[in-house]
Amino acid sequence: MPRTYVITGAASGIGKATTDLLVERGHRVIGVDLAGTDVNVDLSTPQGRAELVERVRELSGGTIDAIIANAGLATPTAKTVAVNYFGAVATLEGLRPLLAGSSAPRAVATVSMASLFPGDDALLQALLAGDEAAAMARGAELESSAPEVANQIYATTKAALSRWIRRNAATPEWAGAGIPLNAIAPGVVVTPMTAQYTGTEEARKAILEMVPMPLGGIFEPRDAAYLLAWLTSEENAHLCGQVVFIDGGSDVVIRGDSTW
């Protein structure tokens, strides 16, 4: 049966690839992005997050089957803090009530294998506490720091979102309501966001030294879309709180036999 999906970051990269795949399979997608989609909002702002929920409620008639909280930034800026963590959490929490009318509700977020990299503890703690003012203040401090420090913003936001998924997936609001909540953690994917790392052979070689991907190397967003489609399908009935690394093996190389 056709299902209704909401995908943030739907205008490009993994979001667009997932939108295209699901539409090809006969499903309905309500796309969300800054521009060029069904719902054009800025998820870095409380106003944009509230508008997302209202517009999706209007367009869907009050019921959706799946949420794919995919929107994200990879810039060493405080705005990355706002979008990657608070925008994603607001998407999942704000749209969760609309899953109540589905016979097979599903939710998934896009994190990153970069969540394994060193981050900033002060920012991480502010994020996990849900203190947006403190997190944005710390993000601004990091943004004005040396590049190697500012670059910790992205990894920290993705680590925090991974932890949010783990902490909430088994709660009454999610698992107790029959909603599998999970995440994917991609390696290096060819998208506009990663152009600086994938645009030249020299850049690809450099990023693969940092992110080893022995199985297939850098890949196209369609490959991540297949995993997102399965995680939000009726077939996925029992995965709960899993962060699935689709990274060509970088997690295995970096963490060895550790399973978490």
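Our structure's up above, just so we're on the same page.
As the structure is a prediction and not an experimental result, all values here were calculated from the model. Position numbers for residues start from 1 in each chain and track the written sequence from start to end. Note on the predicted model: pLDDT of at least 70 is required for a residue's local features to be given, and 80 or more for side-chain atom pairs to be given and counted; whole-chain, interface and lining totals, by contrast, use all residues. Hydrogens are left out, water is left out, and the side-chain values use all remaining heavy atoms of the structure.

*Asks:* It is not clear to me how the nonpolar core should be interpreted in this structure. Could you clarify?
*Replies:* A general feature of soluble globular proteins is that nonpolar side chains tend to end up buried together. Val56 and Leu92 are the most contacted members of the largest nonpolar core, which totals 72 residues. Secondary structure elements are taken from DSSP: a helix is a run of H or I of four residues or more, a strand is a run of E of two residues or more, and numbering for both begins at the N terminus. At 7 residues, the largest contribution of residues to this core is made by helix 3 (residues 78-95). Leave out the neighbours within four places in its chain, and Val56 touches Val6, Ile30, Val39, Ile64, Leu95 and Leu98. What makes a nonpolar core is a set of buried Ala, Val, Leu, Ile, Met, Phe, Trp, Tyr and Cys residues whose side-chain atoms join them at distances within 4.5 Å. With a 1.4 Å probe rolled over the protein chains alone, any residue whose accessible area is under 20% of its type maximum counts as buried; one over 50% counts as exposed, and the rest are partly exposed. The contact rule is simple, with two residues in contact once any of their heavy atoms fall within 4.5 Å.

*Asks:* Is there a simple way to explain the side chain of Thr18 in this structure?
*Replies:* Looking at the secondary structure, you find Thr18 in helix 1 (residues 13-24). The class for Thr18 is buried, based on a relative accessible area of 1%. With residues up to four places along the chain from it excluded, the contact list for Thr18 reads Ile7, Ile68, Ala225 and Leu228.

*Asks:* When you look at helix 4 (residues 121-128) in this model, what are you seeing that I'm missing?
*Replies:* Turn by turn, an α-helix covers 3.6 residues, leaving residues three or four places apart pointing in a common direction. All buried positions along helix 4 are accounted for by Leu123, Leu124, Ala126, Leu127 and Leu128. Those residues of helix 4 that are buried are in contact with helix 3, helix 5 (132-143) and helix 7 (152-168). The N-terminus of helix 4 is capped by Asp120, whose side-chain oxygen sits 3.3 Å from the backbone nitrogen of Ala122. Backbone geometry just after helix 4 places Gly130 at a positive phi near 70 degrees. Polar contact is the term for a pair of N or O atoms within 3.5 Å; when the atoms are in protein, one must be able to donate a hydrogen and the other to accept it, and sequence-neighboring residues count only if both atoms are side-chain atoms.

*Asks:* Sorry, what's going on with the sheet that holds strand 3 (residues 39-40) here?
*Replies:* By way of backbone hydrogen bonds, the strands of a sheet pair with one another, either parallel or antiparallel. Strands are treated as partners if at least two bridges between them are detected by DSSP. One open sheet accounts for 7 strands, arranged 3-2-1-4-5-6-7; its pairing is parallel. At either end of the open sheet lies a strand with only one pairing partner, and these are strand 3 and strand 7 (243-246). Bridge count for strand 1 (residues 4-8) against strand 4 (residues 66-69) is 3 bridges, and the pairing is parallel. In the strand pairing of strand 4, Tyr5 is matched with Ala66. Fitted lines through C-alpha atoms give the axes, limited to the stretch in contact for helices. The angle between two N-to-C directions lies from 0 to 180 degrees. Relative to the sheet, helix 1 contacts strand 1, strand 2 (28-33), strand 4 and strand 6 (181-186), its axis offset from that of strand 1 by approximately 165 degrees. Contacts from helix 7 reach strand 5 (106-110), strand 6 and strand 7 within the one sheet, and its direction differs from that of strand 6 by about 155 degrees.

*Asks:* Explain the environment of Val39 here, please?
*Replies:* By the element assignment, Val39 lies in strand 3. Counting along the chain gives 97 residues from Val39 to Met136, while the straight-line C-alpha distance between them is 25 Å. Setting aside chain neighbours within four positions, we find Val39 in contact with Ile30, Gly31, Val32, Asp33, Leu52, Arg55, Val56 and Leu59.

*Asks:* What am I meant to see in the packing of helix 4 against helix 5 here?
*Replies:* The packing of two helices is summarised by the inter-axis angle and the distance between the axes. The contact between helix 4 and helix 5 brings their axes to 8 Å, and the two run at 160 degrees. The angle between the axes of helix 4 and helix 5 places the two elements in the roughly antiparallel class. Between helix 4 and helix 5 lies a crossing of left-handed hand. When helix 4 is examined against helix 5, the residues Ala122, Leu123, Ala126 and Leu127 are found in contact with a partner set consisting of Ala134, Ala135, Arg138 and Leu142. To sort the angles, those under 35 degrees are grouped as roughly parallel, those over 145 as roughly antiparallel, those from 65 to 115 as roughly perpendicular, and the leftovers as oblique. Crossing handedness is defined as follows: a turn of the near helix away from the far one that is anticlockwise and smaller than a right angle gives a left-handed crossing, while the clockwise case is right-handed.

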